[in-house]
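Spelled out, the chains give:
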Amino acid sequence: MAMGSIIFPSIGKTTSYKVSSPSGEVVLDINVDDAVNYSLARNGKKVIEKAAIGMDIENKTKKSIKVKNSKKGSHKGTIKPVVPMKFSSIDDTYNYLVLDMDGNYSIEFRVMDDGVAHRFVTTFPDSINVMGETFELSVPTDAYMHLQQAGGFKTSYEESYSHKPVTEWTEEERMSTLPVLMEDDGEVVLFCETNLRDYPAFFLKGDGNGKFHAVFPKAPTKFGPDGDRSLKILEEASYIARTAGKRTFPWRYMVVGEPKDILTNTMSARLADQPNGDFSWVVPGQASWEWWNGATPYGDDVDFEAGCNLDTYKYFIDFASKYGIKYIVMDEGWAKTTLDPFTPNPNVDLMELIRYGNDKGVGIILWLTWLSVENNFDVFEKVADWGIKGLKIDFMDRSDQWMVDYYERVAKEAAKHGLIVDMHGSFKPAGLEVTYPNLINYEGVRGMEQMGGCRPENSIYIPFMRNAVGPQDYTPGAMISMQPNCYRADRPNSASIGTRAYQMALFTVFEGGLQMLADNPTLYYRNNDCTEFITSVPTTWDETVPLVAEIGKTVAVAKRKGDTWYIGAITGSNDKWNEYTFDLSFLENGDYDMTSFSDGINAPRQAMDYRKTESKVKKGDKIDVKLARNGGWTAVIKPSK
């Protein structure tokens, strides 16, 4: 195996360095003259023509750039995630270069077989004001971009994806949240950040000439009222962050490779600060959720008026207990008001529900607005004393330095009291979920709560973008399925776009430490074969094997938990049928039983149509699979007894 190499300073104006990945496939060329620039190549092909990086610190930044010394090295280790999304054991191997610069800062580069990352490290004795950060990229002009373009820095990261040539991403066009995905002649590059702490998230903006650059929200300094669940920013500082002078800054990274490589990347987890302390108490799992279905179970076994009340939530707990679901989420309506997290709705009888849930082995997670939490920060201690297992916190919709700090304060305080946290109205994961594994999930995705605005043609990009950088709360599990041309639905009779098999496959394809079952227990009872399957799907995994990776069309993955494999395949294609062959060479030797759910013959028109099939398979078998338009296929494969 080739080792990473570094070319030390050449004689002349420009100082040059070359760092290769452990396999030698990825090569980073760094030039330092009047700026710090680098280019990136994979297998001899340049994928980033030029990246200019820098940081502007008020009254500290020197006009001249000079390298005092450099240090190279290699690292080989293994990371065992507390909440493993793709792998229970992650290989952490890279070569690195650290440039110690004149002016109390250094730049650290890591080069891995699947990409590169850089970050700044400062050593100022006092606090500093960061005025801005340079991250300017020049890419091939025939590159194609996949973006989530926001109307401003106030965003919940739920915009539909947009897709365009880099030359059409002009200065007048909206900026994009991260991650951003680029395609160029078979190569893909995923741009994102991780280890985001005490610093604002960054966004990217194009110029229409094959270049794009980072932009940051300013640090807010004054707030005003903005309803019962948020605050309005009234004044901002001139800087993007006021922070400690001696610190490491967030990693800016690029995953490079083929589309399949994006589906197995673990860059965010590898670069984040690892947990400090015991988080073995964090219990991932599924949750039954009442908001999407309007808390309206019905039928012969429902002899009470449904709603936010004791009988309804006991019904949800009974359902969760029957199928081994670890949690229920009590969303807006469990409390008397959104401003007071200590006074339950009297119709709910929260203490009785906690007792009932404990008896049934089902934990309760409570929804709160972020403002209610901020104004009552002792809520963590209080609800933990009640016996609550976690909080779902909503409507942050910002990622400036103040709000990024809020996330960490929440995760830290929740951990102190043994609570898991699910962030809604949130920005994308950026490493804090690794440092504090009790921060088990984020929304920050255009999920099923968008009803008819959540379409497979958009969701098919999620495994290559949003879910590629961390866990997500998409809330799958609809039992009423429709094709987009005939979609008509609203709460409490909520429905999804895509076939039944598509919905079932999402539980394997999409990743989240807390995976919701969004639909009505009544419908789950009536579709017992589907419910038994989806409630068997794990929320953490030991191994992930990509089977199909067609960006914008089809995704198929096989995932292992112990000795059991699950396969999930989804398509956003509008072709009536999409045919694939899956190679089962990932299996161990021996005989296996496979239970699969596929689109029925009428699924292209009637999305509810599906088929359940039992069969025998073994290592090396090839199985033919057909996915209807907006369809899916899913299976569980267990060793034969």
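Preceding block: the structure.
Okay, so let's go over this structure. (Residues numbered from 1 in each chain as written. Predicted model: local features only at pLDDT ≥ 70, side-chain atom pairs only at ≥ 80, totals over all residues. Heavy atoms only, no water.)

1. Observations concerning the nonpolar core
The condition is simple: Put simply, a nonpolar core is a bunch of buried Ala, Val, Leu, Ile, Met, Phe, Trp, Tyr and Cys residues held in one set by side-chain atoms that sit within 4.5 Å of each other. Accessibility here uses a 1.4 Å probe with only protein chains present; expressed as a share of the type maximum, an area under 20% marks a residue as buried, one over 50% as exposed, and anything in between as partly exposed. Helical segments are the DSSP runs of H or I of at least four residues, strand segments are the runs of E of at least two, and each set is numbered from the N terminus. Contact criterion: two residues are considered in contact whenever any of their non-hydrogen atoms come within 4.5 Å of each other.
Membership of the largest hydrophobic core comes to 177 residues, with the highest contact counts inside it found for Ile30 and Met254. Among the elements that take part in this core, helix α7 (residues 401-416) stands out by supplying eight residues, more than any other. Discounting chain neighbours no more than four positions away, the residues touching isoleucine 30 are Thr15, Ser16, Tyr17, Val19, Val36, Asn37, Tyr38, Leu97, Leu99 and Phe109.

2. Points about α7
Turn by turn, an α-helix covers 3.6 residues, leaving residues three or four places apart pointing in a common direction. Put simply, the rule reads: A helix is expected to span 1.5 Å for every residue after the first. For the purposes of these results, a polar contact is taken to be a pair of N or O atoms within 3.5 Å, where, inside protein, one atom must be able to donate a hydrogen and its partner to accept one; residues adjacent in sequence count only when each atom of the pair is a side-chain atom.
Spanning 16 residues, α7 covers 23 Å between terminal C-alpha atoms, matching the ideal 22 Å at 1.5 Å per step. Of all the positions in α7, only Gln401, Met403, Val404, Tyr406, Tyr407, Glu408, Val410, Ala411, Glu413, Ala414 and Ala415 are classed as buried. A side-chain oxygen of the first residue of α7 lies 3.2 Å from the backbone nitrogen of tryptophan 402; this N-cap is aspartate 400. Glycine 418 lies just past α7 and shows a positive phi near 70 degrees.

3. A closer look at the environment of threonine 499
Note that threonine 499 resides in the loop between β28 (496-497) and α10 (500-509). Expressed as a C-alpha distance, the spacing of threonine 499 and glycine 470, which sit 29 residues apart in the sequence, is 26 Å. Not counting chain neighbours up to four residues away, the residues in contact with threonine 499 comprise Ser481, Gln483, Asp599, Ala603, Ala607, Ala628, Arg629, Asn630, Gly631 and Gly632.

4. Some words on the packing of aromatic side chains
As a reminder, the rule being used: Centre distance within 6.5 Å is the pairing criterion for rings of Phe, Tyr and Trp, where only the six-membered ring of Trp is used; planes under 30 degrees apart are then read as stacked, over 60 as edge-to-face, and the remainder as tilted. For a lysine, the NZ atom is tested; for an arginine, the CZ atom; a charge sits over a ring if that atom is within 6 Å of the ring centre and within 35 degrees of the ring normal.
For the coordinates displayed, the defined rule picks out 35 aromatic pairs. Ring geometry for tyrosine 38 versus phenylalanine 109: centroids 6.1 Å apart, planes at 85 degrees, classification edge-to-face. Taken together, the positions of tyrosine 38 in strand β3 (residues 36-42) and phenylalanine 109 in strand β7 (residues 105-112) put the pair 71 residues apart, joining distant regions of the chain. Residues tyrosine 38 and phenylalanine 109 agree in their burial class; the two are buried. A network of ring pairs unites the aromatic residues Phe304, Tyr315, Phe319, Tyr323, Tyr524 and Tyr525 as a single cluster. For the cation-ring pair, lysine 322 lies above tyrosine 323, with the distance from its terminal atom to the ring centre recorded as 5.5 Å.

5. Description of the sheet that holds strand β24 (residues 390-394)
Remark on secondary structure: sheet strands pair via backbone hydrogen bonds, oriented parallel or antiparallel. Let me state the cut-off plainly: One bridge is not enough; two strands pair if DSSP finds at least two bridges between them. Axis angles are defined between N-to-C directions and span 0 to 180 degrees, where every axis is a line fitted to C-alpha atoms and, for a helix, only to the segment in contact.
If you walk across this open sheet you meet the seven strands as β26-β25-β24-β23-β22-β21-β29, and the pairing is parallel. With partners counted over all chains shown, the strands left at the sheet margins are β26 (439-442) and β29 (514-517), one partner each. Each strand of the sheet is rotated relative to its neighbour by a mean of 25 degrees, with strand direction disregarded. The strands touched by α7 are β24, β25 (420-423) and β26; relative to β25, the strand with the most contacts, the crossing angle is about 155 degrees.

6. Re the state of the cysteines
To keep things clear, this is the line we draw: Cysteine sulfur pairs qualify as disulfides if the two atoms are within 2.5 Å.
Across all of its chains, the model carries zero disulfides by this definition. Not engaged in a disulfide, the cysteine cysteine 486 finds its nearest cysteine sulfur in cysteine 454; these two sulfurs lie 16 Å apart.

7. Concerning unusual backbone geometry
Leucine 178 connects to proline 179 through a cis peptide bond whose omega is 5 degrees. One can find proline 179 in the loop between β11 (162-165) and β12 (180-184). For the peptide bond that leads from arginine 491 to proline 492, omega is 5 degrees, which places it in the cis range. Relative to the helices and strands, proline 492 is located in the loop between β27 (481-482) and β28. A positive phi is found at tyrosine 157, a non-glycine position, where the angle reads about 60 degrees. Mapping tyrosine 157 onto the fold places it in the loop between β10 (144-147) and β11. Within the chain, aspartate 397 stands out as a residue other than glycine whose phi angle is a positive 55 degrees. Tracing the sequence through the fold places aspartate 397 in the loop between β24 and α7.

8. As for the sheet that holds strand β32 (residues 564-571)
Taken in spatial order, the six strands make up an open sheet running β30-β31-β32-β37-β34-β35, and their pairing is antiparallel. Where the open sheet ends on each side, the last strands, each with one partner, are β30 (543-550) and β35 (610-618). Adjacent strand axes in the sheet meet at a mean angle of 15 degrees, parallel and antiparallel pairs treated alike. Relative to β35, strand β34 (residues 591-599) runs antiparallel, the two sharing nine bridges. Of the residues in β35, the one forming a bridge with aspartate 591 is lysine 618. The sheet contacts of α10 involve β31 (554-561), β32, β34, β35 and β37 (632-639), and relative to β32 the element is tilted by about 125 degrees.

9. Some words on helix α4 (residues 350-360)
Within the sequence span of α4, burial applies to Leu350, Glu352, Leu353, Ile354, Tyr356 and Gly357. At its buried positions, α4 is contacted by α3 (310-322), β22 (327-330), β23 (363-369) and α6 (379-386). Trailing α4 by a residue or two, glycine 361 shows a phi angle of about 75 degrees, which is positive.

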